[in-house]
Amino acid sequence: MSYYKKHITWNNIMEENKNIPLKQPAENIPAAGPSGKVENKEISTSIEEIISSEENILPETKRIETTNTAKENDMEVHHHAHNPAAPHHKKSWKSYFWEFLMLFLAVFCGFLAEYQLEHVIEHQREKEFAKALYAELLDDSTAAANKLSSRLEKEKDMDYLTSYFRDSSLTNLPKKFYPAYTTSLYLINTYTFEPKDGILSQLKNSGSLRYFKSIVLQKLIGDISVNINTVRTRNEQEYQYFASPIKPFMLKYYDWSWIDSLRKMDTTANVLDVINNYRQSNQNIESNILNIASFDRGEASNMILFYKQMMVSTRTLQMKNYIQTNHKILTVLRENYSLKNE
């Protein structure tokens, strides 16, 4: 303990005890012992109490000193803080220009990065849509070619049937008569080409056609949409002609036991395949024209010829236009998106 602290402590003690009366009541004075002296035990107790009071005062003194030191440090810290009332340093126009330039460049670079990212995403989507559209049109191209070939075979059967109805025997029928009779007037959906437009409709309904930047491609997509509608309209017209007058004619004069016997002999799912297998086989199923007494050769021949002309028109106009547009779109997609003809 330093001299300064001791001095302050004893002075404090003296200040606290200066108002204590010097004369104490008799009962507070320690009694003398047998030897006539005051007992040291009481004196020691008083000294210990004084020392204890000093020790209690010292921590309080330390706390006061620590608090004063912290206040001085805090004042020093605040002394160096910026004073709002102090005059600001005046910036030159060059400083403002460079700050504006840096801010402008930051915003502009962010805009360029966002634009580039959006461009990359749109290009990826454009290629994905192009692949999907290409796959759909390629499948349709193959299907249209197969339907075109089969319709040509059907037109040959219709020529044979028309010629036979005019001047051949209606009672003694050759083996190839009923296969031609069946393909010409019974099988309708087998020869119908139904173009797909699932991906195309999705692109139009979702507004995704905007991803295709090629003006030529956009025009061709519009053309093929028209072609699809005309093909479907033509299919509906052919079916309506089948519903009347072909279907009533078949119910009256066609021997349905022949096709039933043929299907029992060959369980192949596709009826056209069953008929072609029968043509190549050595089997012969007996057949007849029903209600022959009321059969009109001229009416039957004219009905078949009209139907044939309808099918020829569909093949040479609606289907041909679709196939040509389909081929053009496939070519453009292969050139623009590096797609292979799988």
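(A) Seen up close, the overall build of the protein chain. Assigned secondary structure in the protein chain consists of 9 helices and 0 strands. Mapped in sequence order, the helices and strands of the protein chain form the string α-α-α-α-α-α-α-α-α. Put simply, the protein chain has 342 residues, and 30% of those count as buried.

(B) Focus on the confidence of the model for the protein chain. Mean pLDDT over the protein chain stands at 81; residues scoring 70 or higher make up 71%. The secondary structure element of the protein chain with the lowest average pLDDT is helix H1 (residues 3-17), at 49, and the one with the highest is helix H4 (residues 177-185), at 97. Segment residues 1-8: pLDDT under 50, and 5 contacts once partners within four positions in sequence are set aside and those in other chains are kept. Confidence drops under pLDDT 50 across residues 76-80; counting only partners more than four residues distant or on other chains, this segment forms 0 contacts.

(C) Highlighting the packing of aromatic side chains. Applying the stated criterion to the full structure yields 26 aromatic pairs. Measuring from centroid to centroid gives 5.8 Å for phenylalanine 165 and phenylalanine 177, while their planes differ by 70°, and the two rings are edge-to-face. Residue phenylalanine 165 is found in helix H3 (residues 93-167), and its partner phenylalanine 177 is found in helix H4; the two are separated by 12 residues along the sequence. In this structure, phenylalanine 165 and phenylalanine 177 share a single accessibility class: buried. Seen in terms of ring centroids, phenylalanine 193 and tyrosine 322 are 5.4 Å apart; in terms of plane orientation they differ by 55°. Their pairing is tilted. Pair noted here: phenylalanine 193 is in the loop between H4 and helix H5 (198-206) and tyrosine 322 is in helix H9 (residues 297-337), with a separation of 129 residues, a long-range link.

(D) Quick look at the nonpolar core. Counting residues in hydrophobic clusters, the biggest one holds 37 residues, and the most contacted among them are Phe165, Phe177, Tyr181 and Leu185. Counting only elements with at least two residues in this core, the list comes to H3, H4, helix H6 (215-253), helix H7 (256-265), helix H8 (271-280) and H9. In this view, tyrosine 181 contacts Leu161, Phe165, Tyr186, Phe249, Met250, Tyr253 and Tyr254; residues no more than four positions away in its chain are not counted. Formed by 24 residues, the second largest nonpolar core is a distinct cluster that contains Leu220, Ile224, Met319 and Ile329.

(E) Looking closely at unusual backbone geometry. Looking along the chain, the bond that leaves serine 244 and enters proline 245 is cis, with omega of 20°. Even without a glycine there, the phi angle at serine 338 is positive, about 55°. Tracing the backbone through its elements, the reader meets serine 338 in the segment after H9.

(F) Structural context of the side chain of aspartate 140. Relative to the helices and strands, aspartate 140 resides in helix H3. Buried and without a salt bridge, aspartate 140 has lysine 196 as its closest oppositely charged side chain, separated by 5.1 Å. Side-chain polar atoms of aspartate 140 contact the backbone nitrogen of lysine 196, separated by 2.7 Å. Setting aside anything within four residues of it in sequence, one finds aspartate 140 in contact with Phe193, Pro195, Lys196, Tyr322 and Asn326.

(G) Seen up close, the packing of H7 against H8. Following both chains from N to C, one finds H7 and H8 inclined at 85°, their axes separated by 10 Å at the closest point. One finds that H7 runs roughly perpendicular with respect to H8. Residue-level inspection shows Trp258, Ile259, Leu262 and Arg263 of H7 in contact with H8, the latter providing Val271, Val274, Ile275 and Tyr278. Classifying every residue of the contact of H7 with H8 by side-chain character gives 7 nonpolar, no polar and 1 charged.

(H) Main features of a nonpolar patch on the surface. A contiguous nonpolar surface patch, about 740 Å² in accessible area, is contributed by Phe100, Met102, Phe104, Leu105, Phe108, Phe111 and Leu112. Here phenylalanine 111 shows up in helix H3. For phenylalanine 111, a relative accessible area of 53% gives the class exposed.

Calculation notes
- All residue numbers here refer to positions counted from 1 along the written sequence of the relevant chain.
- In view of the model being predicted, local features appear only for residues whose pLDDT reaches at least 70, and side-chain atom pairs are presented and counted only at 80 or more, with totals across whole chains, interfaces and linings using the full set of residues.
- Excluding hydrogens and water, the side-chain figures rest on all heavy atoms present in the structure.
- Segments assigned H or I by DSSP are reported as helices when at least four residues long, segments assigned E as strands when at least two residues long, and all are numbered from the N terminus.
- Only protein chains enter the accessibility calculation, which uses a 1.4 Å probe; a residue whose area is less than 20% of its type maximum is buried, one above 50% is exposed, and one in between is partly exposed.
- The predictor rates its confidence in each residue with pLDDT, a number between 0 and 100.
- Residues count as neighbours in contact if any of their non-hydrogen atoms are within 4.5 Å of one another.
- Working definition: rings of Phe, Tyr and Trp (its six-membered ring) pair if their centres are within 6.5 Å, and the pair is stacked with planes under 30 degrees apart, edge-to-face with planes over 60 apart, and tilted otherwise.
- Residues grouped as a nonpolar core are buried Ala, Val, Leu, Ile, Met, Phe, Trp, Tyr and Cys residues, joined through side-chain atoms within 4.5 Å.
- Counted as positive: Lys and Arg. Counted as negative: Asp and Glu. His and the chain ends are not counted at all.
- What counts as a salt bridge is simple: a side-chain nitrogen of Lys or Arg found within 4 Å of a carboxyl oxygen of Asp or Glu.
- Any pair of N or O atoms that falls within 3.5 Å is considered a polar contact. Within protein, one atom must be able to donate a hydrogen and the other to accept it, and sequence-neighbouring residues count only if both atoms are side-chain atoms.
- Between N-to-C directions, angles cover 0 to 180 degrees, with each direction set by a line fitted to C-alpha atoms, over the stretch in contact for helices.
- Any angle that is under 35 degrees is reported as roughly parallel, and any over 145 degrees as roughly antiparallel; angles of 65 to 115 degrees are reported as roughly perpendicular and all others as oblique.
- In this classification, Asp, Glu, Lys and Arg are treated as charged, Ala, Val, Leu, Ile, Met, Phe, Trp, Tyr, Cys and Pro as nonpolar, and every other residue, Gly included, as polar.
- Nonpolar side chains (Val, Leu, Ile, Met, Phe, Trp, Tyr) within 5 Å and like charges within 9 Å form the patches, drawn only from residues with over 30% relative accessible area and no salt bridge.
- Each accessible area is a Shrake-Rupley result for a 1.4 Å probe, and residues are judged covered by the shown protein chains and nothing else.

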